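For reference, the chains in residue letters:
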Amino acid sequence: MYDFANSGYTTVVCTAVFNAYFVSSVAGNAPWATFAWTAALSASYAVVMVIGPLLGAWADAHAAKKRLLAFSTAICIVGTAALAWAGPGMVAYAVVFIIVSNVAYSMGENLCAAFLPELATPQALGKVSGWGWSLGYFGGILALGISLAWVMTSASRGTTTAQAVGGTMIITAAVFAIAAMPTFLFLKERAKPGDASDTRSAFARLLETARQARRYRDLVLVFACGTCYQAGVATVIALAAIYAEQVMGFKTQDTIMLVLVVNVTAAIGAFGFGYAQDRIGKVAALRLTIVGWLVMIVTAYFSSTAAVFWVAANLAGLCMGSSQSAGRALVAYLSPTGRSAEFFGLWGVAIRLAAVLGPLTYGGVTWATGGNHRLGILITGAFFIAALIVLAFVNEKRGRAQVA
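Residues numbered from 1 in each chain as written. Predicted model: local features only at pLDDT ≥ 70, side-chain atom pairs only at ≥ 80, totals over all residues. Heavy atoms only, no water.

Participant: What is the right way to read the confidence of the model for the protein chain from this model?
Facilitator: Do not read the predicted coordinates in detail wherever pLDDT is low. Averaged over every residue, the pLDDT of the protein chain is 85; the share at 70 or more is 93%. No element of the protein chain has a lower mean pLDDT than helix α10 (residues 200-211), at 58, and none a higher one than helix α4 (residues 65-82), at 95. (pLDDT = per-residue confidence, 0-100. Helix = DSSP H or I, 4+ residues; strand = E, 2+ residues; numbered from the N terminus.)

Next up, the structure:
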């Protein structure tokens, strides 16, 4: 249910609505607008890279994952609602609340994932992770569907489509708040507090992990692979709507409809690959999805009609759901018992570093080339190629034996 609750944030704010609104309206389609959006996201991810592992280690030591999850959720909801008042020219205001809300969202995502080893056996991690990601996309569909209705009825209220964007931020925050309630009412923290009594214990645990890095060789390689492929995924999430509007000429309603359909495809991918991971192996499943991402990149680069771009977008959805689920399950499978929040905090560092590298690279390319978005998406494919190379060195059985 938490996957269901928080998906509206990435779907509406980062993928379908606010990112394109930021470029076109808040920043007024300035030459630096796309780069400013990616820089704001990158700044938020840099914060998460610093505090994520520390808070994860602290949460493990104090059995406080649920408390920190509640705190991050509240901040994300308030930060999302605040974006409703970001109007034309209010670049600094919008950047501040994007950073605040996205830091809180990212921390919540890490902490939610850290519950996975407590909720599923090692043999069922892929399946349960797939259930969560699959249900999560339907949460994104709910928030985006209500937002679409709000945008399409803007004329009847005497407002423009751009003016209706503020309402979609309130809708997203409300869906998040309501849908997250079951998590805090019914989820039990099964971990037990350790002997640590203050924040210094978090540093000690991280130092111990660093000293034992060789023992977790395959997990470290998974982190490196995650940095590579998540750079590509983060680029697609952050810039899909911008690419659709700037290159393919989509209107806001067209983009929202596209993302709605893609969320269904992503849910199918996450659900189906959740079972496939446990059958064919988590590494093999992840490799298959990364190849799929490369096919999507090539299709998007050469697309000249809306129909072909729809094919590329749905390929992205299918791969997005499956790759996100596979990565989370693989980290849970290779993490030591009782230290899941710490290692998911480190996984968070890997994917947030990716979220800095990918969108910033894309934004820098479009800025330097005067808005060549096709070249930006083509260069994104290099991240997926690098991920395949790193993944070739991961031994799933050896990695599990090291922590079993």
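Here the narrative resumes.
Participant: What's the story with the packing of helix α2 (residues 18-26) against helix α11 (residues 217-246) in this structure? I'm lost.
Facilitator: Working note: a packed helix pair is described by the angle between its axes plus the distance between those axes. Contact geometry of α2 with α11 gives a least axis separation of 8 Å together with a crossing angle of 55°. Between α2 and α11, the interaxial angle falls into the category oblique. Relative to α11, α2 is oriented so that their crossing is right-handed. Between α2 and α11, the contacting residues are N19, A20 and V23 on the first element and I237, A238, L239, A241, I242, E245 and Q246 on the second. For the contact of α2 with α11, a count of residues per class yields seven nonpolar, two polar and one charged. (Axes fitted to C-alpha atoms, helices over the stretch in contact; angles between N-to-C directions. Parallel < 35°, antiparallel > 145°, perpendicular 65-115°, else oblique. Left-handed = near helix turned anticlockwise from the far one by under 90°. Contact = heavy atoms within 4.5 Å. Nonpolar A, V, L, I, M, F, W, Y, C, P; charged D, E, K, R; others polar.)

Participant: What's the story with a nonpolar patch on the surface in this structure? I'm lost.
Facilitator: Together, M1, L135, F138, V264, I268 and L318 give the surface a local cluster of nonpolar side chains, amounting to about 500 Å² of exposed area. Those elements that place two or more of their residues in the nonpolar patch are α7 (125-152) and α12 (252-280). With respect to the helices and strands, I268 occurs in helix α12. On the basis of relative accessibility, which here comes to 55%, the residue I268 falls in the exposed class. (Patch = residues over 30% accessible without salt bridge, like charges linked within 9 Å, V, L, I, M, F, W, Y side chains within 5 Å. Areas by Shrake-Rupley, 256 points an atom, 1.4 Å probe, with all protein chains shown as cover. Salt bridge = Lys/Arg side-chain N within 4 Å of Asp/Glu carboxyl O. Buried < 20%, exposed > 50% of the residue type's maximum accessible area, 1.4 Å probe, protein only.)

Participant: Looking at this model, I keep getting lost on α11. Mind explaining?
Facilitator: The α-helix advances 3.6 residues per turn, and as a result positions three or four apart in sequence lie on the same side. Under the 1.5 Å per step criterion, the end-to-end length of α11 is 43 Å for 30 residues, consistent within 8% with the ideal 44 Å. Of all the bends found along α11, the most pronounced is centred on L239 and spans about 60°. Taking burial as the measure, the 30 residues of α11 include 24 buried ones, the bulk of the element. (Expected span 1.5 Å × (residues − 1). Bend = angle between axes of the 7 residues up to and from the residue.)

Participant: Sorry if this is basic, but what is going on with the layout of surface pockets here?
Facilitator: Which parts of space are left empty comes out when a probe the size of a water molecule is rolled across the atoms. Each pocket or cavity is described by its volume, and for the largest pocket that value is around 480 Å³. Broken down by secondary-structure element, the contributors of at least two residues to the lining of the largest pocket are α1 (2-16), α5 (91-113), α6 (116-119), α7 and α9 (181-186). With five residues, α7 is the single largest residue contributor to the lining of the largest pocket. The class makeup of the residues in the lining of the largest pocket is 15 nonpolar, three polar and two charged. (1 Å grid on protein atoms, 1.4 Å probe; cavity = no way out; pocket = protein on both sides within 12 Å on 5 of 7 lines; lining within 4 Å. Points joined across faces, edges and corners; volume = space filled by probe spheres on them.)

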